[in-house]
Amino acid sequence: MEATAMLATNANNAAVEEGRAIPLARVRLDSVDVLRGVIMILMTLDHTRDFLGVTGVNPTDPAQTTIPLFFTRWITHFCAPVFFLLTGTGAYLSLRRQSERGLSQFLFTRGLWLIFLELTLVRCLGFQFNFDYHVTFLNVLWALGWAMVVLSGLVHLPIWLTSTLGLVMIAGHNLLDSVQSSRVIWSILHVPNFIFQSPQHAVFVGYPLIPWMGVTAIGYSLGQVYAWSSERRGSLLLRTGLGATAGFVILRSLNTYGDPVRWTTQKSAVFTLLSFLNTNKYPPSLSFLLMTLGPALVFLWALDRRTPDALRPALILGRVPMFYYLLHMPVIHLLAVAVCYARYSHVHWMFESPTITEFPITAPPGWGFSLPVIYLIWASVVVALYPLCRWFAGLKRRRGDAWLSYL
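Quantities reported herein were computed from a predicted structural model and do not represent experimental measurements.

> Explain the overall build of the protein to me, and be specific about the residues and the numbers.
Helix and strand content of the protein: 16 helices and three strands. For the protein, the C-alpha radius of gyration of 21 Å lies close to 22 Å, the compact-globule estimate for 407 residues. Viewed in the frame of its principal axes, the protein has a C-alpha envelope of about 70 × 50 × 45 Å. Within the protein, counting contacts between residues at least 6 apart in sequence, those at least 24 apart form 74% of the total. Counting only carbon and sulfur atoms, one obtains 67% of the accessible surface of the protein, whose full area is about 18100 Å². For the protein, the separation between the mean place of its 29 positive charges and that of its 19 negative charges on side chains is 4 Å.

> Can you tell me about the sheet that holds strand S1 (residues 135–138), naming the residues and giving the values?
Strand order in the open sheet formed by three strands is S1-S3-S2, with mixed pairing between adjacent strands. Sheet topology places S1 and strand S2 (193–197) at the edges, where each strand pairs with a single neighbour. On average, adjacent strands in this sheet sit at an angle of 20° to one another, irrespective of strand direction. When S1 meets strand S3 (residues 202–205), the two strands line up parallel, connected through four bridges. Bridge pairing in S3 links Val135 to Ala202.

> An account of the pattern of salt bridges is needed here, citing residue identities and associated values.
Evaluated as defined, the whole model comprises nine salt bridges. Among the ionic pairs, Asp33 bridges to Arg36, the shortest N-O distance being 2.8 Å. Placement of the pair is Asp33 and Arg36 together in helix H2 (residues 30–52), with a separation of three residues, close to one helical turn. Given the relative accessible area of 1%, Asp33 is considered buried. Relative accessible area serves as the criterion here: at 9%, Arg36 is assigned to the buried category. One connected set of salt bridges, linked through shared partners, spans Asp30, Asp33, Arg36 and Arg319.

> Before we move on, could you go through the side chain of Thr87 and cite the residues and values that matter?
Its place among the elements puts Thr87 in helix H4 (residues 79–93). Side-chain polar atoms of Thr87 contact the backbone oxygen of Phe83, separated by 2.8 Å. Dropping the residues within four chain positions of it, Thr87 is found in contact with Leu144, Met148 and Thr216.

> Just give me the short version of the pairing of S3, but keep the residues and values in it.
As judged from the four bridges shared by S2 and S3, these two strands associate in the antiparallel manner. The partner of Phe196 across the bridge, within S3, is Val203. Linking two consecutive strands that pair antiparallel, namely S2 and S3, is a turn of four residues.

> Describe the nonpolar core, naming the residues involved and giving the relevant values.
Counting 105 residues, the largest nonpolar core has Phe84, Tyr220, Leu300, Tyr325 and Trp367 as the members making the most contacts within it. If one sorts the elements of this core by residue count, helix H15 (residues 321–344) sits on top with eleven residues. Excluding its chain neighbours within four sequence positions, the residues that come into contact with Phe84 are Val140, Ala143, Leu144, Ala147, Trp212, Val215 and Thr216.

> Tell me about helix H16 (residues 371–398), and please be specific about residues and values.
The first and last C-alpha atoms of H16 sit 40 Å apart over 28 residues, in line with the 40 Å expected at 1.5 Å per residue. At Tyr386, H16 shows its maximal bend, which comes to roughly 35°, and the proline Pro387 appears one to four places after that position. Those residues of H16 hidden inside the fold are in contact with H2, helix H14 (312–319) and H15.

> Talk me through H14; I want residue IDs and the actual numbers.
Inspection of H14 places Ala314, Leu315, Ile316, Leu317 and Gly318 among the buried residues, and these make up the whole buried set. In this structure, the buried residues of H14 make contact with H2, H15 and H16.

> Which residues make up the side chain of Asn280, and what are the values?
Within the fold, Asn280 resides in the loop between helix H12 (269–277) and helix H13 (286–303). On the basis of relative accessible area, Asn280 is assigned to the buried category, the value being 18%. For Asn280, the side chain forms a polar contact with the main-chain oxygen of Pro283, separated by 3.0 Å. Sequence-distant contacts of Asn280, that is, excluding residues within four places in its chain, are made with Asp259, Pro260, Val261, Ser285 and Phe288.

> Give a detailed account of the packing of aromatic side chains, specifying residues and quantitative values.
How two aromatic rings sit relative to each other is given by the distance of their centres and the angle of their planes. Per the stated rule, a full pass over the model turns up 21 aromatic pairs. With 5.3 Å between their ring centres and 75° between their planes, Tyr92 and Tyr220 make a pair best called edge-to-face. Residue Tyr92 is located in helix H4, and its partner Tyr220 is located in helix H10 (residues 209–222); the two are separated by 128 residues in the primary sequence. Looking at Tyr92, the relative accessible area reads 5%, which means it is buried. Accessibility expressed as a relative area gives 1% for Tyr220, which makes it buried.

> Lay out a nonpolar patch on the surface in plain terms, naming residues and giving numbers.
A grouping of Leu121, Leu125 and Phe131 is seen on the molecular surface, where their side chains present a nonpolar patch of about 290 Å² in accessible area. Tracing the sequence through the fold places Leu121 in helix H6 (residues 121–127).

> Please give an account of the confidence of the model for the protein that cites residues and values.
Scored by pLDDT, the protein has a mean of 91; 93% of the residues are at 70 or more. Residue range residues 1–27 is modelled with pLDDT below 50. Its contacts to residues more than four positions away, or to other chains, number 37 contacts.

Cut-offs and rules
- Residues numbered from 1 in each chain as written.
- Predicted model: local features only at pLDDT ≥ 70, side-chain atom pairs only at ≥ 80, totals over all residues.
- Heavy atoms only, no water.
- Helix = DSSP H or I, 4+ residues; strand = E, 2+ residues; numbered from the N terminus.
- Rg over C-alpha atoms; globule rule 2.2 N^0.38 Å.
- Contact = heavy atoms within 4.5 Å.
- Areas by Shrake-Rupley, 256 points an atom, 1.4 Å probe, with all protein chains shown as cover.
- Lys, Arg positive; Asp, Glu negative; His and termini not counted.
- Charge placed at Lys NZ, Arg CZ, Asp CG, Glu CD.
- Pairing = 2+ DSSP bridges.
- Axes fitted to C-alpha atoms, helices over the stretch in contact; angles between N-to-C directions.
- Salt bridge = Lys/Arg side-chain N within 4 Å of Asp/Glu carboxyl O.
- Buried < 20%, exposed > 50% of the residue type's maximum accessible area, 1.4 Å probe, protein only.
- Polar contact = N/O pair within 3.5 Å; in protein donor to acceptor, adjacent residues only side chain to side chain.
- Core = buried A, V, L, I, M, F, W, Y, C linked by side-chain atoms within 4.5 Å.
- Expected span 1.5 Å × (residues − 1).
- Bend = angle between axes of the 7 residues up to and from the residue.
- Phe/Tyr/Trp six-rings, centres within 6.5 Å; stacked < 30°, edge-to-face > 60°.
- Patch = residues over 30% accessible without salt bridge, like charges linked within 9 Å, V, L, I, M, F, W, Y side chains within 5 Å.
- pLDDT = per-residue confidence, 0-100.

Here's what the structure looks like:
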């Protein structure tokens, strides 16, 4: 029997002996899906603001932002780290229904599929409505795809070694911040930068791989706790979540290591807090990951026993995350096109390749709605997509076609 399967089996047998049978036959875990669904909803808020919000203001810069705008952006910082974490967790949980070798093959092909989607469908029919490839950004699906490819190899290692490698990548990558290099491989691994640039075409890496691969590896290791008893699992999730959050506060307070951007005293205590919370996402610093993953683990602990009725819609979205992701982007972009035409009687801006500072669209003069309107549009998009996601979740439940697993 494979090592990972033995871990799960031994934990289950021990729990049964103690009178706490673990339902390992369950195909999905509600707590994981609910958290993933909440993340998808928050991600929609971020993209709604990207396409339809006021441009020219850095929402996380205390010198430019407002408190509501800062936290509108800050809350969406949880999206990428949690999604990478749960990708690893979901991979481990799938060992319940397939072999280690089968999982490795799936992760490898699924990873390449995500990279392909980033470079084609998401780029040309999501973020940008053009096929000129004048500007191409390598964003979250690019990094997630490569993280899965790497994980396809890590699943063959002892899980303690996978955990160690993940921790080293997360905790140690800021040691490399002082390395200044414009080499392509360094931009792919650690520093956001152009990896190709000419008068006609440019390719920019927005999500360097090292820390994101680390988060995915830790997520894979996390999956084994779902073979434990509820009490033991809950204790670990709560203690680890609170410990990571406390670690963020302590590390950030020291203001020496863990983030390349130091916090500074601002014009008021509130804005000093904003500076404290303004950690680096590109690439995600140790402080950034502690700040986001700590509360996420506490949230998993809170959801471990039952799903609140108010979060049932998030459960549906969390069961079809890729389907939702591929839908929501063009929907928001089409809304921006409609608004642009209604306001300017022209829409050429919506089809032009953006610059690095204007991504994802080239905004028309005076473009953008206030935050209350952004929140209204955001809610409308989520509500509109929910019936389609519910239908697709039902389809996946009724049918076992292999192609469905790639959506």
